[in-house]
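Chain residues, written in single-letter form:
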Amino acid sequence: MAGTPDKKPHFVEKIGIPAALFWAFVGQLLFMVGDGVEAGYLDTFMLHTGHPQSFVNELFTFYGITVMIAAWFAGPLSDLMGPKKVMWSGLVLWAILEVCFLVFGLTPNNSTWILTFYALRGFAYPLFAYGFLVWIAAATPTSMLGAAAGWFWFSFSAGLPTLGSQFARFAIPAIGEINTFWCSLGLVVLGGLIALLFTREPTSNRRLLPADVPARQIFLGSISIIWREPKTLIAGIVRTVDTSSEYAFLAIMPGFFVDHLGFTLGQWLNLLSLIFLSNIIVNLISGMVADKMGYRFVVAVFGGIGGFITIPLFYYVPLWYPGNFAAAAVVGILYGASIAAFVPLSGLMPQICPREKAAALSILGLGAGASTWVGPAIVSLCEMIFGVGMAYVIWTFAIIYLLTAGLTMTLTVSSEARRFTEEQEKKQGTP
């Protein structure tokens with residue numbers, strides 16, 4: 001149970017990590033580093049081995065779809081089996097499918113098996129990662145939920161893509177691209193085993209809903225919660241908006257900075273690294289701040305209104321100060337921080353639906369997966385309506401982020417939900 005003394009309980013509790021879950025956070029970080037190794041070079045590897053861009057796009061599209069589905073499934077499966085079994089399933093599935101991907105797909109350069117095993121592997125990491133998020137929600141005191149959610153997203157995004165890509169950057173010149181893929185398997189397995197074998201917190205070993213609730217009801221409940229508790233739908237929409245601009249900008253901003261503004265590719269990559277670094281740091285800080293200032297306040301003000309301000313700045317400041325990397329870096333860092341300010345949603349949802357924490361979080365997972373295609377879809381829609389023009393895309397996203405600020409303020413916690421949470425924490429002896 002969160003709050004149980006561990007090797008260094010005072011230190012980890014002070015920085016917002018439930019002491020009983022410390023090794024699970026360490027394992028999560030290593031797992032996501034392994035999963036993120038390919039993020040920086042799989043697309044170029046595929047192009048350099050003779051595959052057309054259309055195939056690469058198809059590969060990532062199918063992968064994104066399976067990630068989205070698994071992100072939703074992690075919630076009801078955790079209710080049914082317990083989070084730890086879901087995480088074990090994700091780890092084993094990742095390892096088996098990665099071996100198949102490398103042995104039957106990449107090594108012989110077989111397009112059919114590359115597409116098949118990579119798409120199927122998309123089911124794996126969300127089961128591990130979002131199963132762990134459900135575990136955090138089930139085992140963490142309400143007073144620490146924001147900080148714990150911040151540490152979850154810190155370990156998630158520090159690994160995928162940041163440290164994973166940096167690992168590949170140094171490993172590829174030393175051991176080659178294929179061997180680097182094999183190293184990613186080793187990191188994932190090591191991280192998964194650390195998280196699952198070294199963490200003894202008991203909540204994860206049992207199903208989270210009563211035994212008399214049938215499986216069919218659990219899975220239907222993870223969807224019907226949208227209309228039974230409309231606030232989960234609102235939160236899912238807000239979560240979809242959160243990283244939608246990030247996925248859109250990864251597609252359109254490289255050309256804008258390099259081809260239009262005259263930045264070198266190296267400068268763009270350095271700028272991207274600063275954005276991700278800012279995002280990682282504020283992932284952690286925003287959760288801690290939310291525990292003090294309020295979850296809705298942080299998401300609405302720093303996330304929604306922050307995005308409304310920083311997205312246009314990220315576009316206009318480099319235009320106003322052409323070739324000025326420092327100016328572009330400042331607004332890029334602010335943009336990365338505003339995206340990270342949505343992290344407290346993961347701490348807020350279990351408080352809104354304390355009886356169905358996993359189902360509520362599954363909607364956030366669904367939103368996170370949906371953002372991978374919603375962002376590019378908004379770009380395409382803007383081009384259909386307004387024609388080609390970056391300014392239309394920028395202001396569309398800015399207005400959407402402003403709307404999320406208003407939506408977030410409707411995500412209140414009812415007095416009944418507060419009473420239920422307090423009663424449960426008293427029963428568990430959680431401080």
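What this report covers is the structure whose coordinates are included nearby. (Residues numbered from 1 in each chain as written. Predicted model: local features only at pLDDT ≥ 70, side-chain atom pairs only at ≥ 80, totals over all residues. Heavy atoms only, no water.)

### A few points about empty space enclosed by the protein
The method is simple in principle: a probe with the dimensions of a water molecule rolls over the atoms, and the space it marks as empty is what remains. In plain terms, the rule: Cavities and pockets are found on a 1 Å grid laid over the protein atoms alone: a cavity is a set of points where a 1.4 Å probe fits but cannot escape, a pocket is an open set with protein on both sides within 12 Å along at least five of seven lines, and a lining residue has an atom within 4 Å of such a point. Grid points are joined across faces, edges and corners, and a volume is the space filled by probe spheres set on the points. Helical segments are the DSSP runs of H or I of at least four residues, strand segments are the runs of E of at least two, and each set is numbered from the N terminus. Ten residues, namely Ala, Val, Leu, Ile, Met, Phe, Trp, Tyr, Cys and Pro, are considered nonpolar, four, namely Asp, Glu, Lys and Arg, are considered charged, and the remaining ones, Gly among them, are considered polar.
Counted by the stated rule, this structure contains 2 cavities of 30 Å³ or more. Roughly 120 Å³ of internal volume is contained in the largest cavity. Elements that contribute at least two residues to the lining of the largest cavity include exactly helix 11 (230–260), helix 12 (265–293) and helix 14 (325–340). The residue makeup of the lining of the largest cavity, split by class, is 9 nonpolar, 2 polar and 1 charged. The calculated volume of the second largest cavity comes to roughly 30 Å³. In this structure, the second largest cavity is lined by Ala71, Gly75, Tyr130, Val134, Leu361, Ser362 and Gly365.

### As for unusual backbone geometry
Selection criterion: Remark: exposure states derive from per-residue accessible area (1.4 Å probe, protein chains only) relative to the maximum for the residue type, with buried under 20%, exposed over 50%, and partly exposed in between.
Although it is not a glycine, asparagine 109 adopts a positive phi angle of roughly 55 degrees. Among the structural elements, asparagine 109 can be located in the loop between helix 5 (83–106) and helix 6 (111–121). A relative accessible area of 30% means that asparagine 109 is categorised as partly exposed.

### Comments concerning the nonpolar core
As a reminder of what qualifies: Nonpolar core, defined: a set of buried Ala, Val, Leu, Ile, Met, Phe, Trp, Tyr and Cys residues in which side-chain atoms within 4.5 Å join the residues together. Here, residues are in contact when the closest pair of their heavy atoms is within 4.5 Å.
Ranked by internal contacts, the top residues of the largest apolar core, which has 124 residues, are Tyr125, Phe249, Phe257 and Phe314. Sequence-distant contacts of tyrosine 125, that is, excluding residues within four places in its chain, are made with Phe31, Met32, Asp35, Tyr63, Val67, Trp94, Phe156 and Leu160.

### Examining the environment of threonine 116
The condition that has to hold: For this analysis, a polar contact is any N or O atom pair within 3.5 Å, provided that within protein one partner can donate a hydrogen and the other can accept it, and provided that sequence-adjacent residues contribute only side-chain to side-chain pairs.
Its place among the elements puts threonine 116 in helix 6. Threonine 116 sits 54 residues away from phenylalanine 62 along the chain, and the two C-alpha atoms are 9.2 Å apart. A distance of 2.8 Å separates a polar side-chain atom of threonine 116 from the backbone oxygen of threonine 112.

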